[in-house]
Amino acid sequence: MGEYSRFVDWDKMDVPLQSQDTKELTCTEFQELKQLARQGYWAKNHSLRAKVYHKLISNIPCRTVTPDANVYRDIVVKIVGKRSSSSLPLPEFVDNSLVPTYCLNAEGIGAVRKIILCIANQFPDISFCPALPSVIALLLHYSKDEAECFEQVCRILACNDPSKRLIDQTFLAFESSCMTFGDLVNKYCQAAHKLMVAVSEDVLEVYSDWQRWLFGELPMVYIARVFDVFLVEGYKVLYRVALALLKFFHKVRAGQPLESESIQQDIRAFVRDIAKSVSPERLLEKAFAIRLFSRKEIQLLQMANEKALQQKGITVKQKRCFVVCVAFLRQNVHLAVHAENFKSEIVSVKEMRDIWSWIPERFALCQPLLLFTTLEHGCSLSRFYSHSEGHEPTLLLIKTTAKEVCGAYLSTDWSERRRGGNKLSFFGTGECFVFRLQPEVERYEWVIIKHPELATTGSEPENQEAAAPNTLSSSSIPADPSDRLSPFLAARHFNLPSKTASMFMAGSSECIIIGGGDGQALYLDADLNHGRTSHCNTFNNQPLCSESFQISVLEVWGFRD
């Protein structure tokens, strides 16, 4: 293997990686590179992969002054001195992360620590980067010497393209990515999320492991295939693969006993031994079958989570306080909805905790605050508005005289209803959902989230007027299936085959309309005593409650810091 074999223990490498003839990669178009990376074109040729990595990393836009191989040669002796590389202390920003050996020989294992220390010297602004040891260890397999590996890692860290996110380098970025991953699990892996909520006291603590699954536990042949695509497509690939890992974990462990104390270790062990159940090709196939939000939309979600953390004053990790930080961060479900501080005439503490596990991570930092209840404030729609406006998001709970319980998570302030003037106009975002607790627990997402082929971004009148349920308008399917509905874009920004398919919140002096989740909708009369539901049978779900019902109690809850 010549020039790229210095740090590799070939006895640990897969035989196919040693036996392939050297190839060349001549394409430069993104779509072709993307296809080749996903297909594993350079995965079975060690020299080709090394050359492709060098080419892709060399094309990363970086800061003007980015340390290169010559810098490493100048500083390594001064920093390392005569100390044994195995005894070199790691900087705090790697957070006691695993230092994977993968298929490195003894020289390569020692080189990882040397390179980490030199990077710490050249990047004093890095405050939290647990993925770094894994990235260095991986790239050493495909580097001629330590200096070349150092330069490649520096280019990844120094990327200055705002649209190209690569490796988290601060606690704020890392923790917001964990929250974003939790949001994505909640949206795309609902069965696994339900399991995590059932067996874990703090779900975010489990999801905070997601980068470790990739950069630490995943075997060499798997992480190398992920890294192939990561260098071409960016950070979104990491979310995809982590979601796929969680889906496979749930599939393999479904029905087996799980305990809160061991869930993190169970997932780590599953990822370490993934070769027993899933091939690299199957893992990537599953990852790319997940119909995620677009890169831009995930970036919006990440920014929203970062903002929530900043507002909480949590931007750095305190020494030896990770569990405490995470618990404070999310308050965890059991602390946020505390039995002593929570009282509802509609739901129990356990049921509220179930609802809390569904809401976006940045609002799960908060505690529930009762804003309005018909038992205290009466059945007045105007008082409903006056107590609810100024709060965003809100949670609506309804109990019928038939003891049915349903509700909705509403992402937008009710004051938005005034934008439509005298017309009943719809607003709200894709994070809204409706749910049923009694007689059975069920959550219904916005129909467009699960069926994005119904929507395409475009221009539409600012105030979309309510239409009859059967009113149809022309629509076209998005050309690019990655153009998903953003959770932060209002329904009025989308052209839909049915105008009511986009509705989630609408209010006037005469009624309230809430719904659109998998075809489910609630209609509440002005006296807040009566309501009805509509149900689209297209997606074959059970209705929220009776088609026509009388309200026993209605509550609106806000979110308190």
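Keep in mind it's a predicted model, so treat the numbers as computed, not measured. Sequence positions are assigned chain by chain, starting from 1 and proceeding in written order. Local features are withheld for residues below a pLDDT of 70 in this predicted model, meaning they are given only at 70 or higher, and side-chain atom pairs are given and counted only at 80 or more; totals for whole chains, interfaces and linings count all residues. Only heavy atoms go into the side-chain values, all of them from the structure, while hydrogens and water stay out.

(A) Here's a closer look at the overall build of the protein. By definition, any uninterrupted DSSP run of H or I lasting at least four residues is a helix, any uninterrupted run of E lasting at least two residues is a strand, and each is numbered from the N terminus. Each helix and strand counted, the protein has 22 helices and twelve strands in total. Within the protein, the fraction of its 561 residues that count as buried is 57%. Put simply, of all contacts in the protein between residues at least 6 apart along the chain, 75% involve residues at least 24 apart. Put simply, the protein shows about 23,700 Å² of open surface, and 49% of that area lies on carbon and sulfur atoms. Accessibility here uses a 1.4 Å probe with only protein chains present; expressed as a share of the type maximum, an area under 20% marks a residue as buried, one over 50% as exposed, and anything in between as partly exposed. By the convention used here, residues are in contact when the closest approach between their heavy atoms is within 4.5 Å. Only the protein chains shown count as covering a residue, and every accessible area follows the Shrake-Rupley method with a 1.4 Å probe.

(B) View of the packing of aromatic side chains. Planes of paired rings set the category: under 30 degrees apart is stacked, over 60 is edge-to-face and the rest tilted, where pairs are Phe, Tyr or Trp rings (Trp by its six-membered ring) whose centres lie within 6.5 Å. Overall, the coordinates contain 26 aromatic pairs when judged by the stated rule. Aromatic side chains Tyr235 and Tyr239 sit 5.3 Å apart centroid to centroid with 75 degrees between the ring planes, which places their arrangement in the edge-to-face category. Of the two residues examined, Tyr235 and Tyr239, each falls in the buried class. Pairing Phe372 with Phe384 gives two aromatic rings, centres 5.7 Å apart and planes at 80 degrees, and the pair type is edge-to-face. Placement of Phe372 in strand β1 (residues 367-373) and of Phe384 in helix α21 (residues 381-388) is noted, with a sequence separation of twelve residues between them. Its relative accessible area of 1% is what places Phe384 among the buried residues. Over the aromatic face of Phe433 sits the side chain of Arg443, whose NZ or CZ is 5.6 Å from the ring centroid. Placement of a positive charge over a ring is assigned whenever Lys NZ or Arg CZ falls within 6 Å of the ring centre and within 35 degrees of the normal to the ring plane.

(C) Main features of the environment of Gln211. For Gln211, the location among the structural elements is in helix α11 (residues 210-217). With relative accessibility at 6%, the residue Gln211 sits in the buried group. In this structure, the C-alpha to C-alpha distance between Gln211 and Phe181, residues 30 residues apart in sequence, is 9.8 Å. If we skip the residues at most four places from it in the chain, Gln211 touches Ala131, Asp168, Phe174, Ser177 and Tyr235. The term polar contact refers here to a pair of N or O atoms within 3.5 Å; inside protein, the definition further demands a hydrogen-donor-capable atom paired with an acceptor-capable atom, and it admits residues adjacent in sequence only when both atoms are side-chain atoms. Side chain to side chain, Gln211 and Asp168 meet in a polar contact 2.7 Å long.

(D) Geometry of the nonpolar core. Each nonpolar core is a collection of buried residues, namely Ala, Val, Leu, Ile, Met, Phe, Trp, Tyr and Cys, held together in the definition by side-chain atoms within 4.5 Å. In this structure, Trp42, Ile119, Ile136, Ile156, Trp210, Leu214 and Phe227 are the most contacted members of the largest nonpolar core, which totals 127 residues. The domain limits used here are those given by an automatic or database domain assignment. Residue-level mapping places this core at the junction of two domains, with at least three residues from each of domain 1 (10-158) and domain 2 (171-327). Leaving out residues up to four positions away in the same chain, Ile136 has contacts with Val112, Ile115, Ile116, Ile119, Cys149 and Val153. If you look at the next biggest cluster of nonpolar residues, it comprises 27 residues, including Cys432, Leu522, Leu528 and Phe549.

(E) How the structure looks around helix α9 (residues 190-199). Among all positions in α9, only Ala192, His193, Leu195, Met196, Val197 and Val199 are buried. On its buried face, α9 is in contact with α8 (171-188), α10 (203-207), α13 (236-253) and α14 (263-272).

(F) Expanded view of helix α12 (residues 220-233). The span one expects for a helix is its residue count, reduced by one, times 1.5 Å. For α12, built from 14 residues, the straight-helix expectation of 20 Å at 1.5 Å per residue is met to within 8% by its first-to-last C-alpha distance of 20 Å. For α12, a buried count of 13 out of 14 residues is recorded, marking the element as mostly surrounded by other parts of the structure. Immediately beyond the C-terminal end of α12, within one or two residues, lies Gly234, with a positive phi of roughly 95 degrees.

(G) Region of the structure containing the side chain of Ser380. On the secondary structure map, Ser380 appears in the loop between α20 (374-377) and α21. Owing to a relative accessible area of 15%, Ser380 belongs among the buried residues under this scheme. Leaving out residues up to four positions away in the same chain, Ser380 has contacts with Phe372, Ala526 and Leu528.

(H) Layout of the pattern of salt bridges. Note on definitions: salt bridges are taken to be side-chain nitrogens of Lys or Arg within 4 Å of carboxyl oxygens of Asp or Glu. All told, the structure shown has 21 salt bridges when counted by the stated rule. For Glu3, the salt bridge goes to Lys144, with nearest N and O atoms at 3.5 Å. Here the residue Glu3 occupies a position in the segment before α1 (15-19), and Lys144 occupies one in the loop between α6 (132-140) and α7 (146-157), the gap between them amounting to 141 residues. Assessed through its relative accessible area of 43%, Glu3 is described here as partly exposed.

(I) Fine view of unusual backbone geometry. Residue Pro393 is reached from Glu392 by a cis peptide bond, and omega for that bond is 0 degrees. Considering the arrangement of structural elements, one finds Pro393 in the loop between α21 and β2 (394-400). The amide bond that connects Gln438 to the next residue, Pro439, takes the cis arrangement and shows omega of 10 degrees. Of note, Pro439 is situated in the loop between β4 (433-438) and β5 (442-445). A positive phi angle, near 45 degrees, is found at Tyr102, a position not held by glycine. One can find Tyr102 in the loop between α4 (69-80) and α5 (106-122). Despite not being glycine, Lys403 shows a phi value in the positive range, around 65 degrees.

(J) How the structure looks around the packing of α6 against α12. Angles run from 0 to 180 degrees between N-to-C directions of axes, and those axes are lines fitted to C-alpha atoms, restricted for helices to the stretch in contact. Two elements in contact, α6 and α12, have axes whose closest approach is 11 Å; the angle formed by their N-to-C orientations is 95 degrees. Relative to α12, α6 is oriented roughly perpendicular. Between α6 and α12, the residues in contact are Val135, Leu138 and Leu139 and Met220, Ile223, Ala224 and Phe227, respectively. Residue classes in the contact of α6 with α12 are distributed as seven nonpolar, no polar and no charged. Angular relationships are summarised with four words: roughly parallel below 35 degrees, roughly antiparallel beyond 145, roughly perpendicular across 65 to 115, and oblique for the angles in between. Lys, Arg, Asp and Glu make up the charged group, whereas Ala, Val, Leu, Ile, Met, Phe, Trp, Tyr, Cys and Pro make up the nonpolar group; the residues left over, Gly among them, are polar.

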